[in-house]
Amino acid sequence: MDTEAPHTQRGHSSPVEGEERPRFAFSRTGRTAGGRTLTWRRAGLLGVVCTVFLLLLSNFVVQPFLIPSRSMEPTLRVGDRVLVNKLAYRFGEQPRRGDLVVFDGTGSFVRERPAGNPVGTLLHGAASALGLAEPSDTDFVKRVVGVGGDDVVCCDAGGRVAVNGVALDEPYLYPGDAPSVVPFRIVVPLGTLWVMGDHRSQSRDSRDHLGEPGGGMVPVEKVIGRADWIGWPFSRWDSVGGGHG
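Only a predicted model underlies this, so the values are computations on that prediction, with no experimental measurement involved.

A few points about the state of the cysteines
Here a disulfide denotes a covalent bond joining the sulfur atom of one cysteine to the sulfur atom of another. All chains considered together, the criterion is met by one disulfide. Paired through a disulfide, C154 and C155 show a sulfur-sulfur distance of 2.1 Å. Accessibility expressed as a relative area gives 32% for C155, which makes it partly exposed.

Here it is, written out as structure tokens:
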């Protein structure tokens, strides 16, 4: 008589008790238990490729720009990331009154680019280009109020900024702000722009550089691009169009 207990049948898909199922993991050879190839080197290379792609996109097409100050409230708030369209003026179109432009203020708002550690400057520039750090101290965002040939005055009899004798409707001004507490009258030289912030009492703009070389005018060639959209935070996703023609 057979006294051995009969063996229990197990399905092929059921693991033996105490036996672990295969897990996917990185390996030196790059071959996982499931036969798929995935290494830290490949993951790192993919990250580098993505970063380079984003930097190229930022340099030539669209660049995120972190708003560092209150000078453009209420249109733009501190911490907003605006998407700067670098193709806006690349094919012959010129900045127009009402455009929000990002520009290099070297030579107009800043006398010269401050010296710094080359490596630190490079890393900060890369982070800034991805919208992860504040922009360079020489980069600014302002609204175009006058273009080449315009006669810009503040203020007219109604207390408003006037361009070529026509008072501007400026609904974007910060509530309670005057169009300007600094009186001025200038004729914008050809090839330059007269720019101002929307929060006039908190903005250092063309008015603050009237007595300096260049008279506060921004050369069109120094314009980096046009701020067209608020990309972050998502709750503020919107376009930011021009305010006047």
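Once the structure has been displayed, the description carries forward.
Brief notes about the packing of aromatic side chains
If you walk through the whole model with that rule in mind, you get five aromatic pairs. Centre to centre, the rings of F103 and F140 are 5.8 Å apart; their planes meet at 25°, and the pair counts as stacked. Pair noted here: F103 is in strand β3 (residues 100-104) and F140 is in strand β4 (residues 139-147), with a separation of 37 residues, a long-range link. For F103, a relative accessible area of 0% translates into the label buried.

Regarding the environment of P179
Mapped onto the elements of the fold, P179 is located in the loop between β7 (166-167) and β8 (184-187). Its relative accessible area of 15% is what places P179 among the buried residues. In this structure the C-alpha to C-alpha distance between P179 and V161, which are 18 residues apart in sequence, comes to 6.4 Å. When near neighbours in sequence (up to four residues on either side) are disregarded, P179 contacts C154, G159, R160, V161, E170, L173, M196, R200 and R207.

Observations concerning unusual backbone geometry
Between E73 and the following residue, P74, the backbone shows a cis peptide bond with an omega angle of 0°. Considering the arrangement of structural elements, one finds P74 in the loop between β1 (62-66) and β2 (81-85). Going from C154 to C155, the amide bond is cis rather than trans, its omega being 5°. Tracing the chain through its elements places C155 in the loop between β5 (151-154) and β6 (162-163).

Parameters at a glance
Residues numbered from 1 in each chain as written. Predicted model: local features only at pLDDT ≥ 70, side-chain atom pairs only at ≥ 80, totals over all residues. Heavy atoms only, no water. Disulfide = S-S within 2.5 Å. Buried < 20%, exposed > 50% of the residue type's maximum accessible area, 1.4 Å probe, protein only. Phe/Tyr/Trp six-rings, centres within 6.5 Å; stacked < 30°, edge-to-face > 60°. Helix = DSSP H or I, 4+ residues; strand = E, 2+ residues; numbered from the N terminus. Contact = heavy atoms within 4.5 Å.

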